[in-house]
Amino acid sequence: MENNSLTVRGLNVKIEGEHILKNVNVSFPSRRITCIVGPSGCGKSTLLRCLNRLTETIDKVEISGSILIGGQDLIQARDAELLELRRRVGLVPQRPCPLPMSIFDNVAYGCRIHGMHRNKAEMAETVERYLTEVGLWDEVKDRLKKPAAHLSLGQQQRLCLARSLAVEPEFILADEATSALDPVSSKTVEDLFVRLKENYTIIMVTHTLRQALRIADNAVFLYMGEVIESGEASRVFRDPAEELTRNYLAGVFS
């Protein structure tokens, strides 16, 4: 597993002429959980999706600046390099999105796209490894050929995470990854992220301050498309330097 840094420099994003992200400069420490917080509509999800260039799929979008992984600029990457870059930056979406295929094939899907584990035995070993890593193996090992849609929402979200991990990324992006889950499933996914940071850099968007307080090592506070404050979560949340941050944490706006 590589241990590269991810750094955003001078990132600006406009969608249909509206300035969504404004000169964003922020670094995401390796093998830590960074939570991006801020009020609704401040650009959190847009920033997250820039990190694997999914924002470019939106019509009338303008992007400038740099997003560097170990010195390589994602924004400048050519199409031929983009598939590999997206392998390195996995995404867990807000709502579980299992593919319309079996549990086994969901985990194997990305590996097949990237030409990994062509041997059937290796593929089976990989599927078992990552289902085990997300705590699903014992729950599904006897029904791997069943449709993934038959799983509960919490199980589907862990399956999507296993699918992302199976292609051996370095970074995991999580966009409100627990918002659609019940409290027990949400706690399971949170605990999973805390354990996974030993091997992955995790960047989460969350609307839930309590969640960020529980699991964040690093925090980024966004407001109206600008980074107001970032750094160690303990400092940002307990002793913020900026009045806007203090007001947000105090519930003056949300």
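Heads up: these notes are all about the structure in this document.

What counts as what
- Residues numbered from 1 in each chain as written.
- Predicted model: local features only at pLDDT ≥ 70, side-chain atom pairs only at ≥ 80, totals over all residues.
- Heavy atoms only, no water.
- Helix = DSSP H or I, 4+ residues; strand = E, 2+ residues; numbered from the N terminus.
- Rg over C-alpha atoms; globule rule 2.2 N^0.38 Å.
- Buried < 20%, exposed > 50% of the residue type's maximum accessible area, 1.4 Å probe, protein only.
- Axes fitted to C-alpha atoms, helices over the stretch in contact; angles between N-to-C directions.
- Parallel < 35°, antiparallel > 145°, perpendicular 65-115°, else oblique.
- Left-handed = near helix turned anticlockwise from the far one by under 90°.
- Contact = heavy atoms within 4.5 Å.
- Nonpolar A, V, L, I, M, F, W, Y, C, P; charged D, E, K, R; others polar.
- Core = buried A, V, L, I, M, F, W, Y, C linked by side-chain atoms within 4.5 Å.
- Pairing = 2+ DSSP bridges.

1. A few points about the overall build of the chain
Right, so step 1: Check the secondary structure of the chain and you find 10 helices and 10 strands.
Right, so step 2: Taken against the 2.2 N^0.38 rule, which gives 18 Å for 254 residues, the C-alpha radius of gyration of the chain at 18 Å falls within 12% of a compact globule.
Right, so step 3: By principal-axis analysis of the C-alpha atoms, the chain measures approximately 55 × 40 × 30 Å.
Right, so step 4: Put simply, the chain has 254 residues, and 50% of those count as buried.

2. Structural notes on unusual backbone geometry
Right, so step 1: For Glu16, which is not a glycine, the phi torsion comes out positive at approximately 50°.
Right, so step 2: Tracing the backbone shows Glu16 in the loop between strand 1 (6-15) and strand 2 (18-28).
Right, so step 3: Positioned with a positive phi, Met224 is a non-glycine residue whose angle comes to about 55°.
Right, so step 4: Positionally, Met224 belongs in the loop between strand 9 (218-223) and strand 10 (226-232).

3. Some details on the packing of helix 6 (residues 153-166) against helix 7 (residues 183-196)
Right, so step 1: Look at helix 6 against helix 7: their axes get within 9 Å of each other, and the N-to-C directions meet at 20°. Taken together, helix 6 and helix 7 sit at an angle that is classed as roughly parallel. At the point where helix 6 passes helix 7, the crossing takes the right-handed sense. For the pair formed by helix 6 and helix 7, the contact residues are Gly154, Arg158, Leu161 and Leu165 on the first element and Ser185, Thr188, Val189, Leu192, Phe193 and Leu196 on the second.
Right, so step 2: In terms of residue class, the contact of helix 6 with helix 7 is made up of six nonpolar, three polar and one charged.

4. Description of the nonpolar core
Right, so step 1: One finds Leu131, Leu161, Ile172 and Phe193 to be the most contacted residues of the largest nonpolar core, which totals 47 residues.
Right, so step 2: Once residues within four sequence positions are removed from consideration, Ile172 is found in contact with Gly90, Val92, Leu161, Leu165, Phe193, Leu196, Tyr200, Thr201, Ile202 and Ile203.
Right, so step 3: Listed in part, the 29 residues of the second largest apolar core include Ile69, Ile75, Val89 and Leu222.

5. Concerning the packing of helix 3 (residues 103-113) against helix 4 (residues 120-133)
Right, so step 1: Look at helix 3 against helix 4: their axes get within 10 Å of each other, and the N-to-C directions meet at 110°. The angle between helix 3 and helix 4 places the two elements in the roughly perpendicular class. Read as a crossing pair, helix 3 and helix 4 show a hand that is right-handed. Along the contact surface, helix 3 presents Ile103, Phe104, Val107, Ala108, Cys111 and Arg112, while helix 4 presents Met123, Ala124, Thr126, Val127 and Leu131.
Right, so step 2: Among the residues making up the contact of helix 3 with helix 4, the classes are represented as nine nonpolar, one polar and one charged.

6. Some remarks on the sheet that holds strand 7 (residues 171-175)
Right, so step 1: Reading across from one edge, 6-7-8-3-9-10 is the order of the six strands in this open sheet, with mixed pairing throughout. Each having just a single partner strand, strand 6 (89-92) and strand 10 make up the two edges of the open sheet. Direction aside, neighbouring strands of the sheet carry axes that sit 15° apart on average.
Right, so step 2: Pairing between strand 7 and strand 8 (residues 201-205): five bridges, direction parallel. Considered in strand 8, the bridge of Ile172 is made with Ile202.
Right, so step 3: Strands in contact with helix 6 are strand 6 and strand 7; relative to strand 6, the strand with the most contacts, it is inclined by about 170°.

7. Focus on the sheet that holds strand 5 (residues 72-73)
Right, so step 1: An order of 2-1-4-5 is seen for the four strands of this open sheet, with the pairing classed as antiparallel. This sheet does not close on itself; its edge strands, each paired only once, are strand 2 and strand 5.
Right, so step 2: In this sheet, strand 4 (residues 61-69) lies alongside strand 1 in antiparallel orientation, the contact comprising eight bridges. The partner of Val13 across the bridge, within strand 4, is Ile63.

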